[in-house]
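One-letter residues, chain by chain:
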Amino acid sequence: MTISSSAFNFVSDLVKQQAAIVIGPGKEYLVESRLLPLARDAGLDDVSTLVARLQSTADDRLRRQVVEAMTTNETSFFRDRDPFTALTQAVLPDLCRKRGATHRINIWSAACSSGQEPYSIAMSALDHPLITSDWQVHVLATDINEEMLQRAEQGRFSQLEVNRGLPAAMLVRHFERAETDWKVVAAVRNMVRFKPLNLNEPFDLAFMDVVFLRNVLIYFDAATKAEVLQRVRRVMKPDGFLFLGGSETTLGLDDGFERFTIGNATVYRPRGAGPIDLPAVSGVPGGLASGQPVAAATAARPVAGGWPWAVTPSLPPVGSTLPPFPAQPGPHSTRQPLN
Amino acid sequence: MVIDDSSAMRLILGRIMRGLGFDVVEAPNGAEAIARLQSGAMPEIALVDWNMPVMDGLAFVNAVRKEEKWRQITLMMVTTESEQSQIVRALAAGAHEYVIKPFTPDAIADKLALLGVLAY
């Protein structure tokens, strides 16, 4: 349901007045997509009802929330980090072992928005030491919004966008300057195929090894969430992996999935997928609870940085070429006093 | 530690870092920052501008990386220098991360999380 022009104008005026940001005509989708989670949180059915409440009450808190939702760009490269750490250090190694016959991995970014997520996936795969040149990693990036898809397909990002979540080593390795912007290099862009897709309608896709369906279900009511999860599960390989947003779950919606913990990330797999074939972790306290459903797995959830294959603290050696993974210092768990 | 010859930028970065829970010391150039380290300051992270008088940011990074006792300091360039070759130089010298001005507070927080100095 698209909001009325009067509701759109109200939100547009409010954001302009409070944050000096102009939301021009034709951005109804943006208003809908940003405000629907807020409406649901407030127990309202849709954005129009939310706007009606704003118009009829002096709810300053709600007004502030609306402005923040409209002005905060939630999309960033490697957003939330943990799913990408799990992808790199557990899921891709598992798939490399199991897909040795075909050397092909299909990954679906199911609500790719402006493209940061599928490109983050492609960069992760391209940099992965196990994904050698004889592997084919296909990233399918879909979104309901064709305008966003066209933008994403260009692979062009502003300075502000590449400052968000993208390690500098990856910026120099996988981007090139395009005037004041940065453009994803062809090697990465060629791994990603963009396609319009409405999760709310039946769809037919190649079977997927990994699905990123993050921060999508929050826009749907419970019945629609269940339908979407079932549709997604039908295009997943039986031993595939599903990543959801941090506040999303399949629990209570689709019992065809089992929940696992990988490091700090939660991943869902079709029931009966079997154990995740991981690097040796036995005997490591707090290690991954491979193949165990949620109760056991979460009991063994490790602390940040404590899982066994955490990237070794390292500094780039002076004068060396860039390392294959972004340079990461060790966890600095304590702060020291400054003189 | 915020190292920038612009007092306005030191104010902005200092405010962001304090907002994230850090104690902040400032230095207007690399040489003064080195002097502070030599007098015992041991910051968890240094945000380093590139173009500064007396000692620029790249020279500061090189100087810090030569000293074993300062190896635990995380170094992040925060600069207007936006050429790829400059980023590569800074990383090769031992900077862990690189933020190009202009930036948003979220970008600083993102990078700190990336570096493991801030939970996200």
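What you see is a predicted model, and the numbers here were worked out from it, not measured in a lab.

Basis of the calculations
Residues numbered from 1 in each chain as written. Chains lettered and ligands numbered in written order. Predicted model: local features only at pLDDT ≥ 70, side-chain atom pairs only at ≥ 80, totals over all residues. Core = buried A, V, L, I, M, F, W, Y, C linked by C-beta atoms within 7 Å. Buried ≥ 20, exposed ≤ 12 C-beta atoms within 10 Å, placed from the backbone. Helix = DSSP H or I, 4+ residues; strand = E, 2+ residues; numbered from the N terminus. Contact = placed C-beta atoms within 7 Å. Domains from an automatic or database assignment. Pairing = 2+ DSSP bridges. Right-handed = clockwise from strand over helix to strand, strands pointing away. Axes fitted to C-alpha atoms, helices over the stretch in contact; angles between N-to-C directions. Parallel < 35°, antiparallel > 145°, perpendicular 65-115°, else oblique. Nonpolar A, V, L, I, M, F, W, Y, C, P; charged D, E, K, R; others polar. Expected span 1.5 Å × (residues − 1). Bend = angle between axes of the 7 residues up to and from the residue. pLDDT = per-residue confidence, 0-100. Left-handed = near helix turned anticlockwise from the far one by under 90°.

Engineer: Please set out the nonpolar core residue by residue, giving values where relevant.
Structural biologist: Formed by 106 residues in total, the largest nonpolar core has its most connected members in A:V211, A:L242, B:V48 and B:M76. In terms of residue count, helix α5 (residues 82–98) of chain A provides more of this core than any other element does, seven residues in total. B:V48 has contacts with B:I3, B:G57, B:F60, B:V61, B:L75, B:M76, B:M77 and B:V78, leaving out every residue within four places of it along the chain. Judged by nonpolar contacts, the second largest core, of 15 residues, contains A:V11, A:V31, A:L36 and A:L50.

Engineer: Hey, could you go over the domain arrangement of chain A for me, with residue numbers and the actual values?
Structural biologist: The figure often quoted for interface size is the accessible area lost as the parts come together. In terms of domain boundaries, chain A breaks down into domain 1 (5–71) and domain 2 (82–299). The C-alpha centroid of domain 2 of chain A is placed 30 Å from the C-alpha centroid of domain 1 of chain A.

Engineer: Summarise the pairing of strand β1 (residues 104–109) of chain A; cite the residues concerned and give the values.
Structural biologist: Residues and elements named next belong to chain A. Burial analysis of β1 places five of its six residues in the buried class, which makes it a mostly covered element. Sheet topology note: the β1/strand β2 (residues 136–143) ladder contains six bridges and is parallel. Residue I107 lies in a different strand from β2, and its bridge partner there is V139. Each parallel crossover has a hand, and for β1 linked through helix α6 (residues 116–127) to β2 it is right-handed. In this structure, β1 lies alongside strand β7 (residues 208–213), joined through three bridges in parallel fashion.

Engineer: Please set out the packing of helix α2 (residues 30–38) of chain B against helix α3 (residues 57–66) of chain B residue by residue, giving values where relevant.
Structural biologist: When two helices pack together, their arrangement is given by the angle between the helix axes and the distance between those axes. All names here are of chain B. Packing of α2 against α3 brings their axes to within 9 Å, and their N-to-C directions diverge by 25°. Between α2 and α3, the interaxial angle falls into the category roughly parallel. Residue-level inspection shows G30, A33 and I34 of α2 in contact with α3, the latter providing G57, A59, F60 and A63. Here the residues of the contact of α2 with α3 are counted per class, giving five nonpolar, two polar and no charged.

Engineer: Please give an account of α5(A) that cites residues and values.
Structural biologist: All names here are of chain A. An ideal rise of 1.5 Å per residue puts 24 Å on 17 residues; α5 measures up with 23 Å between its terminal C-alpha atoms. Considering bend angle alone, the principal kink of α5 is centred on T88 and spans about 40°. In terms of residue burial, α5 counts as a mostly covered element, since 13 of its 17 residues are buried.

Engineer: Go over the environment of A:R104, please, and point to the residues and values.
Structural biologist: All names here are of chain A. Along the chain, the position of R104 falls in strand β1. For the pair formed by R104 and R63, sequence separation is 41 residues and the distance between their alpha carbons is 48 Å. In contact with R104, not counting residues within four places along its chain, are R99 and Q136.

Engineer: Explain the confidence of the model for chain B residue by residue, including any values.
Structural biologist: Residue and element names in this part refer to chain B. For chain B, the mean per-residue pLDDT works out to 94, and 99% of the residues sit at or above 70. Per-residue pLDDT, averaged within each element of chain B, yields its smallest value for helix α5 (residues 105–114) (89) and its largest for strand β1 (residues 2–3) (98). Interface predicted TM-score (ipTM) for the complex: 0.90; the corresponding pTM is 0.75.

Engineer: Give a description of the sheet that holds β1(B) that names residues and reports values.
Structural biologist: Pairing between the strands of a sheet is mediated by backbone hydrogen bonds and can be parallel or antiparallel. Residue and element names in this part refer to chain B. In spatial order, the strands read β2-β1-β3-β4-β5; together these five strands make up an open sheet with parallel pairing. Of all the strands in the sheet, the pair left with one neighbour each is β2 (26–27) and β5 (97–100). Where β1 lies against β2, two bridges are found, and the strand directions are parallel. Looking at the pairing, I3 lines up with A27 of β2.

Engineer: How would you sum up the packing of α5(A) against α6(A)? Please name residues and give values.
Structural biologist: Residue and element names in this part refer to chain A. Orientation of α5 relative to α6, taken along the N-to-C sense of each, is 40°, at an axis distance of 10 Å. Overall, the two elements α5 and α6 adopt an arrangement that is oblique. For the pair α5 and α6, the crossing hand works out as right-handed. Across the interface between the two elements, F84, L87, T88 and L92 of α5 pack against S120, S124 and A125 of α6.

Engineer: Describe the pairing of β7(A), and please don't skip the residues or the numbers.
Structural biologist: Residues and elements named next belong to chain A. For β7, the buried fraction is high: six of the six residues fall into the buried class. Bridging between β7 and strand β8 (residues 236–244) involves five bridges; their strand directions are parallel. Residue pairing across strands places V211 opposite L242, the latter belonging to β8. Each parallel crossover has a hand, and the one from β7 via helix α11 (residues 222–234) to β8 is right-handed.

Engineer: I'd like a rundown of the environment of A:S5, residues and numbers included.
Structural biologist: Summarising the element assignment, A:S5 is placed in helix α1 (residues 5–19). The spacing of A:S5 and A:L30 is 25 residues in sequence and 13 Å in space, taken between C-alpha atoms.

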